[in-house]
Amino acid sequence: MNPGAPVLQLAGIRKSFGPNQVLRGIDLTVHEHEVVAVIGASGSGKSTLMRAINLLERVDDGQIFLSGQDISDPRVKEDLVRAQIGVVFQHYNLFPHMTVLNNVTLASRVVRKLSREEAEARGMELLTRIGIAEKAKKYPDQLSGGQQQRVAIVRAILSDPILLLLDEITSALDPQLVGEVLDLVMELKLAGKTILMATHEMEFARRAADRVIFLHEGRIAEDGPPAQVLGNPQQQVTRDFLSRLYNFS
C-alpha cells in the first residue's frame, strides 16, 4: 500500500497525571486511507492517547498535527477540531432521551450546520446501509448493545470526518455482538476511511489494520504490519504481551 498524505502526526507526545507518566514521548504518523490498530495492556496509555488526539486531554509536551494544523496549540478552537474527527468510545455515549435518528444527526446539525432535512436523509441512508433503519425512531434502551454501538459509529461518520478514532469499541459487547460491529469497521476500511483504533481484538487487528502499534508503558515498543507485529514480533515486551494469546517461546 502506498501511503497517502499524513492525516495525523504526533511528535514527542507526553502526558502525566500527577507522578504517573502515561505517555512518554509518542511519535506516530497515520496516513490518508490507513487503518492503524493500537494494542497494549491495560494502563499502557491507549485511551489517554485517543483522548489527547481529540483534545479531551491536553498534553504536557509535544505537538499533534491534523492535516498539517497544530491542534495542540492552546489557541486552537477545540470544537472546530473535533468537527473533523469522528470518535466512538466503548460505552456508546448515546443520549438516552433522544431517538436513534436524533442521536445520529445532532452533531451534524449543530456543528456542521446541516439542515435537519439533509442530516436526516444522510442519517437514514447510513442506518439503512447497516441494517437498522427500522430502529430510527426507537430510543437507545430499546436497542441491543451491538445495535447501539453501530448507531454510535454512524453518528461518528455522518459528518464525513477526516479521521475516525475507535477506542475499544467492542470491549463492552457480548461476544455474539462483536462480529456485527467489526463487520461495519471492515466496511469503513474498504470505503477508504482513515482510522486509528485501540483494540484488544488481536484477530481483528490482524485482519483490518494496515499497521499495528504495540504500546508499552506509554511508549511505542513496536510498529509494523500485522503479520510482523502479531506473528513475528521483534521486541521481547511484545512477545511477552502476546504470549497470553499465542505460544511464543
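Our subject is the structure that appears above.
Let me begin by describing the structure that accompanies this report. None of the values given here were measured: they were computed from a predicted structure.

## Structural notes on the overall build of the protein chain
Tallying secondary structure elements over the protein chain gives 9 helices and 10 strands in all. With respect to the three principal axes, the spread of C-alpha positions in the protein chain is 55 × 45 × 40 Å. Split into buried and exposed, the 249 residues of the protein chain put 49% on the buried side. Sequence-distant contacts in the protein chain: of pairs separated by 6 or more residues, those separated by 24 or more amount to 64%. When the accessible area of the protein chain is evaluated, it comes to approximately 11700 Å², of which 48% is carbon and sulfur surface. The average position of the 28 basic charges and that of the 30 acidic charges among the side chains of the protein chain differ by 3 Å.

## A look at unusual backbone geometry
Backbone geometry at His33 places phi at a positive 70°, although glycine is not the residue there. Structurally, the position occupied by His33 is in the loop between strand E2 (20–31) and strand E3 (35–39).

## Observations regarding the sheet that holds strand E4 (residues 61–66)
Taken in spatial order, the 4 strands make up an open sheet running E2-E1-E4-E5, and their pairing is antiparallel. Each of the sheet's edge strands pairs with one partner strand only, and the pair in question is E2 and strand E5 (69–70). Note that strand E1 (residues 6–17) and E2 share 9 bridges and pair antiparallel. Each residue of the ladder has a partner; that of Lys15, found in E2, is Leu23.

## Considering the layout of surface pockets
A volume near 700 Å³ is recorded for the largest pocket. Taken together, 22 residues make up the lining of the largest pocket; nearest its centre are Asn54, Arg82, Ile85, Ala107 and Val111. At the level of elements, helix H2 (78–82), strand E6 (85–88), helix H3 (100–110) and helix H5 (145–157) are the ones that each hand at least two residues to the lining of the largest pocket. The dominant element in the lining of the largest pocket, judged by the number of residues it contributes, is E6, at 4 residues.

What counts, and at which threshold
Residues numbered from 1 in each chain as written. Predicted model: local features only at pLDDT ≥ 70, side-chain atom pairs only at ≥ 80, totals over all residues. Heavy atoms only, no water. Helix = DSSP H or I, 4+ residues; strand = E, 2+ residues; numbered from the N terminus. Buried < 20%, exposed > 50% of the residue type's maximum accessible area, 1.4 Å probe, protein only. Contact = heavy atoms within 4.5 Å. Areas by Shrake-Rupley, 256 points an atom, 1.4 Å probe, with all protein chains shown as cover. Lys, Arg positive; Asp, Glu negative; His and termini not counted. Charge placed at Lys NZ, Arg CZ, Asp CG, Glu CD. Pairing = 2+ DSSP bridges. 1 Å grid on protein atoms, 1.4 Å probe; cavity = no way out; pocket = protein on both sides within 12 Å on 5 of 7 lines; lining within 4 Å. Points joined across faces, edges and corners; volume = space filled by probe spheres on them.

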